[in-house]
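For reference, the chains in residue letters:
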Protein chains: 2
Amino acid sequence: MSEPVLTLIERDFALEDLQGWQLTQDGKAIHKRFAFKNFVESLAFVNKLGAVAEEHNHHPDLTLGWGYAGVLFTTHDSGGLTALDIQLAKAAEKL
Amino acid sequence: MSEPVLTLIERDFALEDLQGWQLTQDGKAIHKRFAFKNFVESLAFVNKLGAVAEEHNHHPDLTLGWGYAGVLFTTHDSGGLTALDIQLAKAAEKL
């Protein structure tokens with residue numbers, strides 16, 4: 001059974017706690033671009049986030065290059081944002 | 001001093017050897033999307049490519065998610081494609 005999609009109120013409430021995360025894909029996903037000092041630090045972040053994603057079996061779509069990493073979360077099975085996306089975005093903030 | 005940009009003939013000749021790589025960004029970059037079995041394998045590829053990139057101090061822009069990794073090479077300092085981009089694309093093929 002797939003996770004329930006957040007209501008608009010749940011979604012907006014959750015986003016208030018997520019500094020720098022923005023809605024994208026018609027409100028079905030959240031995205032943030034993180035800045036780093038170089039490529040190695042960007043890659044280190046992606047690896048740490050990858051470990052968390054693997055642990056929860058919920059994987060972001062990422063962009064990665066010299067000094068940046070972009071993270072997008074959505075729940076494909078549910079067709080939108082779920083509590084799991086919010087949970088992993090919060091985990092990304094703590095890395 | 002920045003690397004010289006490839007001539008059109010050099011570029012087209014090099015691309016003949018690079019299966020699946022396509023010109024993008026108005027011919028100033030090359031891109032390929034690689035397919036993998038899951039997130040872990042995509043990330044493993046990105047880490048291996050990252051090590052090669054770091055070694056040459058020439059870094060791709062990447063996309064990464066469950067079952068795929070996209071690789072884009074360009075030489076920003078030169079404003080286009082150089083021999084270094086071709087070299088690293090070939091290295092990516094061997095990973």
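These notes cover the structure that comes with them.

### Looking at helix α1 (residues 8-16) of chain A
Residue and element names in this part refer to chain A.
Okay, so step 1: For α1, every residue scored as buried is listed here: R11, A14 and L15. Along α1, the residues classed as buried sweep out an arc of 100° about the axis, all on the same side. Exposed residues lying more than 90 degrees from the buried face of α1 are I9, F13 and E16.
Okay, so step 2: Each element contacted by the buried residues of α1 is listed here: β1 (22-24), β2 (29-35) and α3 (83-94).

### Topic: the sheet that holds strand β4 (residues 68-73) of chain B
Okay, so step 1: Pairing in this open sheet of 8 strands is antiparallel, and the strands run β1(A)-β2(A)-β4(A)-β3(A)-β3(B)-β4(B)-β2(B)-β1(B) from one edge to the other. The sheet is open, and its two borders are formed by β1 of chain A together with β1 (22-24) of chain B, each paired with just one other strand. This sheet shows a mean twist of 25° between the axes of neighbouring strands, independent of strand direction.
Okay, so step 2: Relative to β2 of chain A, β1 of chain A runs antiparallel, the two sharing 3 bridges. Looking across to β2 of chain A, one finds that T24 of chain A is bridged to A29 of chain A.

### Quick word on the pattern of salt bridges
All names here are of chain A.
Okay, so step 1: According to the stated counting rule, one finds 6 salt bridges over all chains in the structure shown.
Okay, so step 2: Note that R11 is salt-bridged to D12, the shortest N-O span being 3.5 Å.
Okay, so step 3: Residue classification places R11 among the buried residues on the basis of a relative accessible area of 17%.
Okay, so step 4: Accessibility expressed as a relative area gives 39% for D12, which makes it partly exposed.
Okay, so step 5: Put simply, K37 and E41 hold a salt bridge, and the shortest N to O gap is 3.8 Å.
Okay, so step 6: Overall, the relative accessible area of 32% leaves E41 in the partly exposed class.

### Describing the pairing of strand β3 (residues 61-65) of chain B
Okay, so step 1: Across 3 bridges, strand β3 (residues 61-65) of chain A lies against β3 of chain B in antiparallel orientation. Within β3 of chain B, the position partnered with L62 of chain A by the bridge is L64 of chain B.
Okay, so step 2: As judged from the 5 bridges shared by β3 of chain B and β4 of chain B, these two strands associate in the antiparallel manner. Its bridge partner lying in β4 of chain B, L62 of chain B is registered against V71 of chain B.
Okay, so step 3: Taking the residues that link successive antiparallel strands as the turn, the β3 of chain B-β4 of chain B hairpin has 2 residues, and the phi of G67 of chain B there is positive, at about 85°.

Cut-offs used in this document
Position numbers for residues start from 1 in each chain and track the written sequence from start to end. Note on labels: chains are lettered from A, ligands numbered from 1, in written order. With the structure being a predicted model, the display of local features is reserved for residues of pLDDT at least 70 and the display and counting of side-chain atom pairs for 80 or more, all residues being used for whole-chain, interface and lining totals. Excluded from the side-chain calculations are hydrogens and water; all other atoms, namely the structure's heavy atoms, are used. Under the scheme applied here, a residue whose accessible area is under 20% of the maximum for its type counts as buried, over 50% as exposed, and between as partly exposed, the area being computed with a 1.4 Å probe on protein chains only. Under the DSSP-based scheme used, a helix requires at least four consecutive residues in state H or I and a strand at least two consecutive residues in state E, with every element numbered from the N terminus. Each direction from the helix axis to a C-beta atom contributes to the arc, which is the arc of those directions. We call two residues in contact when some of their heavy atoms are within 4.5 Å. Two strands form a pair only when DSSP identifies at least two bridges running between them. For helices, the axis comes from a line fit to the C-alpha atoms of the stretch in contact; other axes are also lines fit to C-alpha atoms, and the angle between any two N-to-C directions lies between 0 and 180 degrees. Just to be clear on terms, a salt bridge is a Lys or Arg side-chain nitrogen sitting within 4 Å of an Asp or Glu carboxyl oxygen.

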